[in-house]
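Residue strings, one per chain:
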Amino acid sequence: MNIPTSTRDLQFTRRAFCLGASAMVGSTALTAQHANPDNGYLLVARTDRNRVLDAARHYLSLSPRTVTSFPSSRSPGGSHDFFSQADYFWPNPANPDGPYVNRDGQSNPDNFNEHRKAMIALSIQMPALTSAWLLTGNSHYGRHAADHLRAWFVTPETHMTPNLEFAQGVRGVSTGRSYGIIDTLHLVEVARAASMIAPKLLSGSDRTALLEWFSQYLHWMKSSEKGLAEKNALNNHAVCWALQASEFARLIGDTATRSDIATRFTSVFLPDQMAADGSFPRELERTKPYGYSIFNFDSMAMLCQSLLDSQRDLFAFVLPDGRGICKGTAFLYPYLRDRNTWPYKKDIEHFTSWPVRSPGLLFTGLACNQSGYLELWARLDPDPSDPEIIRNNPVRQPLLWFNNFR
């Protein structure tokens, strides 16, 4: 496929986008089984080119910074260990020096978040640099993306330990919890980008070290007490575990794990998490039902996209009663289009910061033949500024998610 790379070729006005999206969905009869992924790649390239290149030019001036740049006296681990504190835990007014207590949905601003911020910066910068490299062929972008991979996963002085034993700890209760594994959801798009950068721009020894890091981390996710608890969670945490495991397994060539995850989607996630109307009841029960519903939908849709090259088309899969990812989008779409129509309780925090550009809208728009989803995807903000939304929006470079078909 020849990707147009000139500014003139990639001008894409609102009217042209809407017409183009409708044409792709209607005239060419895209379906989950027969969609031409090149159409999706072109759509994203046209929509995101200037955004990607503007960001990547800025990121060229920023050096990689890993967990070793941000030591914490609160961490029970060493300088290479990722450490975070559980969001919704606060000092107990009745016992200020005792164990923290839960206030669901209310993030404690005094938590140590520097390792999270460093990983989020990685997840923003490295995939953007990779996308710019794909769009332009400019090796400066690709080499700087490779620098991030070496810093985080290869270089002995700066690499991160391949486990999350000390993530989302609670003072006076636990040094780390299974829920903390959701923090490395921000490595999902890094792993996707690494699958393109590593074969071209890393040395053989660096590639080996990179794959070994992800192999060790995936093994920890699949075998540790914390990893197994997260895998078997009943809500978005299990889906996020699966999305991570799918992409990390894809990077290292672990097809058996990816097959198992596809089966979990059809036999566990859809039956246990989605209601007949396409909603997610366990997310609706939370103090942030709107944000968590969007988050779980995006994570499920991205899992379907992640597994498209594993011989399982999860976009096309439906339970006998019609539940499937297209049903999930149909439920949420009206409320993404107009937040004010949300019929459930409002989120306790950050309600007005949603929605932002949803990768689930893009991929189900293509797979479920819905031009309205694509038009809304293009209209929503791709680069939110609210830190809470950034933390819960880990897929920002959809261009990378088509590249495996090229």
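Residues numbered from 1 in each chain as written. Predicted model: local features only at pLDDT ≥ 70, side-chain atom pairs only at ≥ 80, totals over all residues. Heavy atoms only, no water.

K.L.:
Got a minute to help me understand the packing of aromatic side chains in this structure?
P.N.:
Think of a pair of aromatic rings as described by two things: how far the centres are apart, and how the planes are tilted against each other in angle. As enumerated under the stated definition, the model contains 16 aromatic pairs in all. Measuring from centroid to centroid gives 6.4 Å for Phe 331 and Tyr 344, while their planes differ by 50°, and the two rings are tilted. Of this pair, Phe 331 sits in helix H12 (residues 325-337) while Tyr 344 sits in the loop between H12 and helix H13 (359-367), and the two are 13 residues apart along the sequence. Plain terms: the ring middles of Tyr 335 and Trp 342 are 5.4 Å apart, the flat faces sit at 85° to each other, and that makes the pair edge-to-face. Residues Tyr 335 and Trp 342 agree in their burial class; the two are buried. Directly above the ring of Trp 90 sits Arg 103, whose terminal nitrogen or CZ lies 3.8 Å from the centroid. In this structure, Arg 339 packs its charged tip against the face of Phe 351, placed 5.8 Å from the ring centre. (Phe/Tyr/Trp six-rings, centres within 6.5 Å; stacked < 30°, edge-to-face > 60°. Helix = DSSP H or I, 4+ residues; strand = E, 2+ residues; numbered from the N terminus. Buried < 20%, exposed > 50% of the residue type's maximum accessible area, 1.4 Å probe, protein only. Lys NZ or Arg CZ within 6 Å of the ring centre and 35° of its normal.)

K.L.:
Whenever I open this one, the state of the cysteines confuses me. Can you help?
P.N.:
Scanning all chains against the criterion turns up one disulfide. Sulfur-sulfur distance for the disulfide between Cys 326 and Cys 368 comes to 1.9 Å. With the S-S bond torsion at -85°, the cross-link from Cys 326 to Cys 368 turns out left-handed. Placement of Cys 326 in helix H12 and of Cys 368 in the loop between H13 and helix H14 (371-379) is noted, with a sequence separation of 42 residues between them. Relative accessible area serves as the criterion here: at 26%, Cys 326 is assigned to the partly exposed category. Judged by its relative accessible area of 13%, Cys 368 is buried. (Disulfide = S-S within 2.5 Å.)

K.L.:
Is there a simple way to explain the nonpolar core in this structure?
P.N.:
Nonpolar side chains tend to gather and get buried jointly when the protein is soluble and globular. Judged by nonpolar contacts, the single largest core of 111 residues is most densely connected at Leu 149, Phe 153 and Leu 362. Leaving out residues up to four positions away in the same chain, Phe 153 has contacts with Leu 122, His 159, Leu 187, Val 190, Ala 209, Leu 210, Trp 213 and Phe 214. (Core = buried A, V, L, I, M, F, W, Y, C linked by side-chain atoms within 4.5 Å. Contact = heavy atoms within 4.5 Å.)

K.L.:
Any chance you could explain the packing of helix H8 (residues 236-252) against helix H9 (residues 255-273) here in plain terms?
P.N.:
Any two packed helices are characterised by how steeply their axes cross, that is the angle between the axes, and by the distance between the axes. Relative orientation of the contacting elements H8 and H9 amounts to 165°, with a least axis distance of 10 Å. Judged on the interaxial angle alone, H9 and H8 are roughly antiparallel. You can see that H8 and H9 cross each other, and the crossing is left-handed. Contacts from Asn 236, Ala 238, Val 239, Trp 241, Ala 242, Ala 245, Ser 246, Glu 247, Ala 249 and Arg 250 in H8 reach Thr 257, Arg 258, Ile 261, Phe 269 and Gln 273 in H9. (Axes fitted to C-alpha atoms, helices over the stretch in contact; angles between N-to-C directions. Parallel < 35°, antiparallel > 145°, perpendicular 65-115°, else oblique. Left-handed = near helix turned anticlockwise from the far one by under 90°.)

K.L.:
Mind showing me how you'd approach unusual backbone geometry here?
P.N.:
Omega for the peptide link from Trp 354 to Pro 355 comes to -5°, which places this bond in the cis form. Along the chain, Pro 355 falls in the loop between H12 and H13. Positioned with a positive phi, Gln 168 is a non-glycine residue whose angle comes to about 50°. Looking at the secondary structure, you find Gln 168 in strand E4 (residues 166-169). Phi at Gln 311 is positive, roughly 70°, even though this residue is not glycine. Checked against the element boundaries, Gln 311 lands in the loop between helix H11 (289-306) and H12.

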